[in-house]
Amino acid sequence: MTDYWLAAAAALWLGILTSISPCPLATNIAAISYIGKRVERPSHVLATGMLYTIGRALTYVVLGALIIASAMSVPRMANFLQLYMNKVLGPVLIIAGMFLADLLKAPSIGGAMSTKAQERLGKSGTWGAVLLGVLFALSFCPTSAALFFGSLIPLSLKWQSSVLLPSVYGIGTAIPVFLFATLIALGAKSVGRVFHRLSAIEFWVRRATGAVFIAIGVYLSLTYIFGVGAS
Amino acid sequence: MKAASLIRLVLLLFVAISIGAIGVQEFHARYLPLSATAAQPAPPFPRRTRVVAYFFHANRRCAPCVQYEETAHEAIQEAFPDELQQGIVQWKSINLASAENRHFATEYQLYSRTLVLVKVRDGRQAAYNNLMDGWQLIEDRAALKRYVQSEVRDYLKEN
């Protein structure tokens, strides 16, 4: 039993290692700015961070289960995700960033939107964190692919753990992002209180998040689709 | 207001071009004939066994990937200069993103950038070793070199 908990600790460490390795830096910056964007409400930052963590953990559980329970080819899945997800991520982030920066608006059915519908759409910003977690978890880079497919999956296979170890790994990948986002949000809130400009800071943080998403989306598209900077 | 419209238009255009480019690349990869690769002259075989070191990368090379590739290449150049010259040890850098190289992924069970050593005996592949453990030594250049050299040496032993 102790060995199993040691394996869980190893899975957590592998997740943290994945998160702090340099290759997912761009997506981590996007996640940090998304989680910490509602600076006036720390509870919102906490909820968004937890939903982002759940999104990541769920993705690794599903991937782990697919590999462990079925005879799905690890190389095929790993190469498919590395080849296509990073390409798709760029345009998706640009569109998401345009919504965050109010450059695009969700279409309303039948003209004016009801207040309830608008409230629901506002709340979906929090739930969007789950989607973001799923999307970023699927965007494997060489280091994260090596750690997930090369270390976590063999560990999960050894312990026949298709749920606990992959989900602990997912939590590990989200912890540094979650911590940074919370610290930044709390810092921004303190600054806002000092200058009595909380709503103005909130307004600009949201737009800055949109700009970060767009910039990272353009960077990922140029790198993975157009091969800019590839040697 | 006009600036916002212009930014919106430019970004949407960029997204459309990006999606189009993904489609074109996929079409090329699936339907266009493979580029003919020039037949390479067979190296002289003074011994029965030779080792081919493949480093598999993609279009975008991340910093740790470059570090792994450079360290492994240096390790082989430093320890096996004569074998490299005689063709007993060969170094090949392969782009897995190229359609004609994708078969390597299933052939050598590749799931990330890595170094694979292939033992060729009497002109045929006898064994291969995926050195994924090198990723755990990426921060320790000397240890990574020793690991690569020891694995190549093991394959050459059986001559």
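Bear in mind the structure is a predicted one, so any value in this text is a computation, not a measurement. (Residues numbered from 1 in each chain as written. Chains lettered and ligands numbered in written order. Predicted model: local features only at pLDDT ≥ 70, side-chain atom pairs only at ≥ 80, totals over all residues.)

**Thoughts on the overall build of chain B**
Summing up its helical and strand segments, chain B has 5 helices and 4 strands in all. Secondary structure elements of chain B, listed N to C terminal, follow the sequence α-β-α-α-β-α-β-β-α. Out of the 159 residues belonging to chain B, those deemed buried represent 25%. (Helix = DSSP H or I, 4+ residues; strand = E, 2+ residues; numbered from the N terminus. Buried ≥ 20, exposed ≤ 12 C-beta atoms within 10 Å, placed from the backbone.)

**Considering the nonpolar core**
Residues A31(A), I35(A), V148(B) and V152(B) are the most contacted members of the largest nonpolar core, which totals 86 residues. Looking at this core element by element, the count peaks at 9 residues for helix α7 (residues 164-194) of chain A. In contact with V152(B), not counting residues within four places along its chain, are V51(B), A53(B), I76(B), F80(B), V89(B) and L117(B). (Core = buried A, V, L, I, M, F, W, Y, C linked by C-beta atoms within 7 Å. Contact = placed C-beta atoms within 7 Å.)

**Some thoughts on the packing of helix α3 (residues 42-69) of chain A against helix α6 (residues 142-159) of chain A**
Residues and elements named next belong to chain A. Taken N-terminus to C-terminus, the directions of α3 and α6 make an angle of 55°; their axes are 10 Å apart at the nearest point. On the basis of their axis angle, the class for α3 and α6 is oblique. Two packed elements cross with a definite hand, and for α3 against α6 that hand is right-handed. Only I153, S156 and L157 of α6 make contact with α3, whose side of the interface consists of G64, I67 and I68. (Axes fitted to C-alpha atoms, helices over the stretch in contact; angles between N-to-C directions. Parallel < 35°, antiparallel > 145°, perpendicular 65-115°, else oblique. Left-handed = near helix turned anticlockwise from the far one by under 90°.)

**Side note on α6(A)**
Residue and element names in this part refer to chain A. For α6, with 18 residues, the first-to-last C-alpha span of 25 Å sits near the 26 Å given by 1.5 Å per residue. When the local axis directions of α6 are compared, the greatest deviation, roughly 30°, occurs at L152, which is followed within four positions by the proline P154. Taking burial as the measure, the 18 residues of α6 include 13 buried ones, the bulk of the element. The positive-phi residue at the C-terminal boundary of α6 is Q160, with phi of around 50°. (Expected span 1.5 Å × (residues − 1). Bend = angle between axes of the 7 residues up to and from the residue.)

**Considering the environment of A215(A)**
Looking at where A215(A) falls in the secondary structure, it is placed in helix α8 (residues 198-225). Sequence spacing of A215(A) and L93(A) is 122 residues, and the spatial spacing of their C-alpha atoms is 8.7 Å.

**Digging into the interface of chain A and chain B**
When the parts come together, some accessible area is lost, and that loss is often what is quoted as the size of the interface. With 33 residues of chain A at the interface, the matching set in chain B holds 27 residues. Elements represented by at least two residues in the side of chain A that touches chain B include exactly α4 (74-100), α6 and α8 of chain A. Here the element with the most residues in the side of chain A that touches chain B is α4(A); it accounts for 12 residues. Within the side of chain A that touches chain B, the residues separate by chemical class into 23 nonpolar, 8 polar and 2 charged. (Nonpolar A, V, L, I, M, F, W, Y, C, P; charged D, E, K, R; others polar.)

**A look at unusual backbone geometry**
Unusually for a residue other than glycine, Q160(A) sits at a positive phi of about 50°. Note on placement: Q160(A) falls in the loop between α6 and α7. Even without being a glycine, D122(B) presents a positive backbone phi close to 50°. Mapping D122(B) onto the fold places it in the loop between β3 (114-121) and β4 (124-130).

**A few points about the confidence of the model for chain B**
Residue and element names in this part refer to chain B. Per-residue confidence for chain B gives a mean pLDDT of 84, with 87% of residues at or over 70. With pLDDT under 50 throughout, residues 34-42 is counted as low confidence; its partners more than four residues away or in other chains account for 3 contacts. The ipTM, which scores confidence in the relative placement of chains, is 0.73 for this predicted complex, and the corresponding pTM is 0.72. (pLDDT = per-residue confidence, 0-100.)

**Concerning the sheet that holds strand β1 (residues 49-57) of chain B**
Residue and element names in this part refer to chain B. Taken in spatial order, the 4 strands line up as β2-β1-β3-β4 in an open sheet, and their pairing is mixed. Only two strands of the sheet have a single partner each, and these edge strands are β2 (89-95) and β4. Averaged over all adjacent pairs, the angle separating strand axes in this sheet is 25°, with direction ignored. Two strands pair when backbone bridges link them, and β3 and β4 are joined in this way by 6 bridges, in the antiparallel orientation. Paired with V120 across the two strands is Q125, which belongs to β4. Across the sheet, helix α2 (residues 63-79) is in contact with β1, β2 and β3; its angle to β1 comes to roughly 160°. (Pairing = 2+ DSSP bridges.)

**Topic: the environment of L222(A)**
All names here are of chain A. Looking at where L222 falls in the secondary structure, it is placed in helix α8. A residue is classified by how many C-beta atoms lie within 10 Å of it, and L222, with 16 of them, is partly exposed. Between the C-alpha atom of L222 and that of Y169, which follows or precedes it by 53 residues, the distance is 30 Å.

**Examining the packing of α4(A) against α6(A)**
All names here are of chain A. In the contact formed by α4 and α6, the axes pass within 11 Å of each other and the chain directions differ by 160°. Relative to α6, α4 is oriented roughly antiparallel. Here the hand of the crossing between α4 and α6 comes out right-handed. In contact with V74, A78 and Q82 of α4, α6 contributes A145, F149 and I153. Looking at the contact of α4 with α6, its residues break down into 5 nonpolar, 1 polar and no charged.

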